[in-house]
Amino acid sequence: MSAVLGTYARINVEFERGEGAWLETAAGERYLDFGSGVAVNALGHAHPHLIAALTEQAHKVWHTSNLYRVRGQERLAERLCALTFADKVFFANSGAEAMECSIKMARKYQSYNGQPERWRIITFEGAFHGRTLATIAAGNQEKHLKGFGPKVDGFDQVPVGDLEALRAAITHETAALLIEPIQGEGGVRPVGWPFLRALRQIADEHGLLLVLDEVQTGVGRTGKFFAHEWAGIEPDIMGIAKGIGGGFPVGACLATEKAASGMTAGSHGSTFGGNPLAMAVANAVLDIATKPEFLDHVQEMSLLFKQRLAEIVDRHPRIITDIRGEGLMLGLKCKVPSTDVSSTLFAEKLLTVSAGDNVVRLLPPLIVTEAEIKEACEKIESACARLDATLPA
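Residues numbered from 1 in each chain as written. Predicted model: local features only at pLDDT ≥ 70, side-chain atom pairs only at ≥ 80, totals over all residues. Heavy atoms only, no water.

*Asks:* What exactly am I supposed to notice about the overall build of the chain here?
*Replies:* Across its full length, the chain holds 12 helices and 17 strands. For the chain, the C-alpha atoms occupy an extent of roughly 65 × 55 × 50 Å along the three principal directions. In the chain, 73% of the contacts between residues at least 6 apart in sequence involve partners at least 24 apart. Accessible surface computed for the chain: about 17,700 Å², of which carbon and sulfur atoms make up 53%. Each charge class in the chain can be summarised by its mean position, and for the 39 positive and 47 negative side chains these summaries are 2 Å apart. (Helix = DSSP H or I, 4+ residues; strand = E, 2+ residues; numbered from the N terminus. Contact = heavy atoms within 4.5 Å. Areas by Shrake-Rupley, 256 points an atom, 1.4 Å probe, with all protein chains shown as cover. Lys, Arg positive; Asp, Glu negative; His and termini not counted. Charge placed at Lys NZ, Arg CZ, Asp CG, Glu CD.)

*Asks:* How should empty space enclosed by the protein be read in this particular structure?
*Replies:* Once rolled over the atoms, a probe with the size of a water molecule shows which space is left empty. Applying the stated criterion across every chain yields a total of 3 cavities of 30 Å³ or more. Lining the largest cavity we find Leu133, Ile136, Ala137, Leu145, Phe148, Gly149, Pro150, Lys151 and Val152. Of the residues forming the lining of the largest cavity, the biggest block, 3 residues, is contributed by helix H5 (residues 133-139). Taken together, the residues that form the lining of the largest cavity break down as 7 nonpolar, 1 polar and 1 charged. (1 Å grid on protein atoms, 1.4 Å probe; cavity = no way out; pocket = protein on both sides within 12 Å on 5 of 7 lines; lining within 4 Å. Points joined across faces, edges and corners; volume = space filled by probe spheres on them. Nonpolar A, V, L, I, M, F, W, Y, C, P; charged D, E, K, R; others polar.)

*Asks:* I would appreciate a short explanation of the environment of Thr25 in the present structure.
*Replies:* In this structure, Thr25 sits in strand E2 (residues 22-25). Separated by 10 residues in the primary sequence, Thr25 and Phe15 place their C-alpha atoms 4.4 Å from one another. Not counting chain neighbours up to four residues away, the residues in contact with Thr25 comprise Val13, Glu14, Phe15, Glu16, Arg17 and Tyr31.

*Asks:* I keep staring at the nonpolar core and nothing clicks. Help me out?
*Replies:* One broad rule of soluble globular proteins: the nonpolar side chains tend to lie buried together. Leu80, Leu199, Leu254, Phe305, Leu309 and Ile380 are the most contacted members of the largest nonpolar core, which totals 93 residues. Ignoring anything within four residues of it in the chain, the contact list for Leu254 reads Leu80, Thr84, Phe85, Ala86, Lys88, Val89, Asp236, Ile237, Met238 and Ile240. (Core = buried A, V, L, I, M, F, W, Y, C linked by side-chain atoms within 4.5 Å. Buried < 20%, exposed > 50% of the residue type's maximum accessible area, 1.4 Å probe, protein only.)

*Asks:* Explain unusual backbone geometry here, please?
*Replies:* Most peptide bonds take the trans configuration, and most residues that are not glycine carry a negative phi. A positive phi angle, near 40°, is found at Lys242, a position not held by glycine. With respect to the helices and strands, Lys242 occurs in the loop between strand E11 (237-240) and strand E12 (251-255). In this model, Lys349 sits at a positive phi of 65°, which is unusual for a non-glycine residue. Turning to its location among the elements, Lys349 is positioned in the loop between helix H11 (338-347) and strand E15 (350-351). You can call Lys349 partly exposed: its relative accessible area is 25%.

*Asks:* I keep staring at the packing of aromatic side chains and nothing clicks. Help me out?
*Replies:* The relation between two aromatic rings is expressed through the spacing of the ring centres and the mutual angle of the planes. Within this structure, the stated rule accounts for 5 aromatic pairs. On the numbers, 5.3 Å between centres and 80° between planes, the contact of Phe15 with Tyr31 is edge-to-face. Within this pair, whereas Phe15 is found in strand E1 (residues 15-19), its partner Tyr31 is found in strand E3 (residues 30-33), the two being separated by 16 residues in sequence. Tyr31 gets classed as buried once you look at its relative accessible area, which sits at 5%. An aromatic cluster is present here, built from Phe15, Tyr31 and Phe346 joined pairwise through their rings. Sitting above the plane of the Trp22 ring, Arg30 keeps its charged end 4.2 Å from the centroid. Lying across the ring of Trp119, Arg120 places its NZ or CZ 5.2 Å from the centre. (Phe/Tyr/Trp six-rings, centres within 6.5 Å; stacked < 30°, edge-to-face > 60°. Lys NZ or Arg CZ within 6 Å of the ring centre and 35° of its normal.)

*Asks:* How do you make sense of the environment of Ala284 when you look at a structure like this?
*Replies:* Relative to the helices and strands, Ala284 is located in helix H9 (residues 276-289). We classify Ala284 as buried; its relative accessible area is 2%. Expressed as a C-alpha distance, the spacing of Ala284 and Lys242, which sit 42 residues apart in the sequence, is 14 Å. When near neighbours in sequence (up to four residues on either side) are disregarded, Ala284 contacts His49, Leu50 and Ala53.

*Asks:* It is not clear to me how the sheet that holds E3 should be interpreted in this structure. Could you clarify?
*Replies:* Each strand in a sheet pairs with its neighbour through backbone hydrogen bonds, running either in the same direction (parallel) or in the opposite one (antiparallel). Across the sheet, 4 strands lie side by side as E1-E2-E3-E15; this open sheet has mixed pairing. Taken across any chain shown, the strands that pair with only one partner, and hence form the sheet edges, are E1 and E15. One ladder, built from 4 bridges, connects E1 with E2; its direction is antiparallel. Its bridge partner lying in E2, Glu19 is registered against Trp22. The strands touched by helix H12 (residues 370-388) within the sheet are E2, E3 and E15, with E3 carrying the most contacts at an inclination of about 105°. (Pairing = 2+ DSSP bridges. Axes fitted to C-alpha atoms, helices over the stretch in contact; angles between N-to-C directions.)

*Asks:* Honestly, the packing of helix H2 (residues 48-58) against H9 in this entry has me stumped. Any pointers?
*Replies:* When two helices pack together, their arrangement is captured by the angle between the axes and the distance separating the axes. Viewed as axis vectors pointing N to C, H2 and H9 meet at an angle of 150°, and their least axial separation amounts to 9 Å. The angle between H2 and H9 places the two elements in the roughly antiparallel class. Relative to H9, the crossing made by H2 is right-handed. Residues His49, Leu50, Ala53, Leu54, Gln57 and Ala58 of H2 form the contact with H9, whose own contacting residues are Pro276, Leu277, Ala280, Val281, Ala284, Val285, Asp287 and Ile288. Residues of the contact of H2 with H9, tallied by class, amount to 11 nonpolar, 2 polar and 1 charged. (Parallel < 35°, antiparallel > 145°, perpendicular 65-115°, else oblique. Left-handed = near helix turned anticlockwise from the far one by under 90°.)

*Asks:* When you look at helix H3 (residues 71-83) in this model, what are you seeing that I'm missing?
*Replies:* The α-helix advances 3.6 residues per turn, and as a result positions three or four apart in sequence lie on the same side. Its 13 residues give H3 an end-to-end C-alpha distance of 19 Å, which sits within 8% of 18 Å, the value for a rise of 1.5 Å per residue. Residues of H3 that are buried in the fold lie against strand E4 (88-92), E11, E12 and H9. (Expected span 1.5 Å × (residues − 1).)

*Asks:* When you look at the pattern of salt bridges in this model, what are you seeing that I'm missing?
*Replies:* Where charged atoms from two side chains of opposite charge approach closely, those side chains can pair. Inspection of the entire model under this criterion finds 20 salt bridges. For Glu74, the salt bridge identified is with Arg69, shortest N-O distance 2.8 Å. Measuring nitrogen to oxygen at the nearest pair gives 2.8 Å for the salt bridge that ties Asp156 to Arg120. Of this pair, Asp156 sits in strand E6 (residues 155-158) while Arg120 sits in strand E5 (residues 120-124), and the two are 36 residues apart along the sequence. (Salt bridge = Lys/Arg side-chain N within 4 Å of Asp/Glu carboxyl O.)

Shown next as structure tokens:
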């Protein structure tokens, strides 16, 4: 029996090496990786530019702590601010930490500006913001909250798309609105660009901060550098992670100067956040992801993938009923149990990621090729045919 804590229902396979969109076991079995470590390996496995950046930094210094300046942090922060709405960046190690910082910052902003009574945050049904006590309270899903004692207070939840319910939930204690542009764990459910625009307007009307969770949707995953760009709006605070590290643990909280005004010296911190190794890799990710052709490639591959998946849905409506998502963050809405679909895809040596609402996520590396999408669709077609054959005529 493994000494690793049993918090994951792990599949009995171990990968020894990877390259691009492929993973390989010690026995030489090759799997097409359309899970990307849950949207983390944006540039695939063993990308040579990331290897070179990590190796070069490893020969210099690994860790100094945030008691001192870290050149890589300053460079990455400047680049992220130049690419986005943000003026300030705090570096962490994960999406949950990025969202904890975002929540703290939203509360602190209101207190710092003379309204300490404004500390509650409105979130949306189906959300997932991480596994800390605060972020599971923000997500408000019973399966994540059960057994961990009283839920952290300060979060009020309303249905996605219900502006009337949202307006009714705003009180003199409300500090901010928090939402994912596309709910990942919740089933690859886009909240809708008009709804995001409405949230921006409502936040402005009521003196609230708009906080976006782009942990999964960021760094090109949807075909824009960040998903909110599709809506033509800007948040006040945004949490990111996953793709920005390309496989190395990196999270960040981005904010406007105004929203970050309360985060003074000593108000927040991280021992490992923004360490030189992480910053070297994240800067290398930006070197690739900011090239003009990068997002064009994501959009081209997305269109191709959606077209081929739509053909599969037409042929197997008893297995898959719909294709959801944007860019290379796609979901198969299943008619049969999604676990059956994902396990059959695994037998076809295609790696995917489960999600809520009976959905299987497809999150290939953003450098995926047309040939690899074609091969993935052949595997999906084969899996659907196998499952179709088990259903009554």
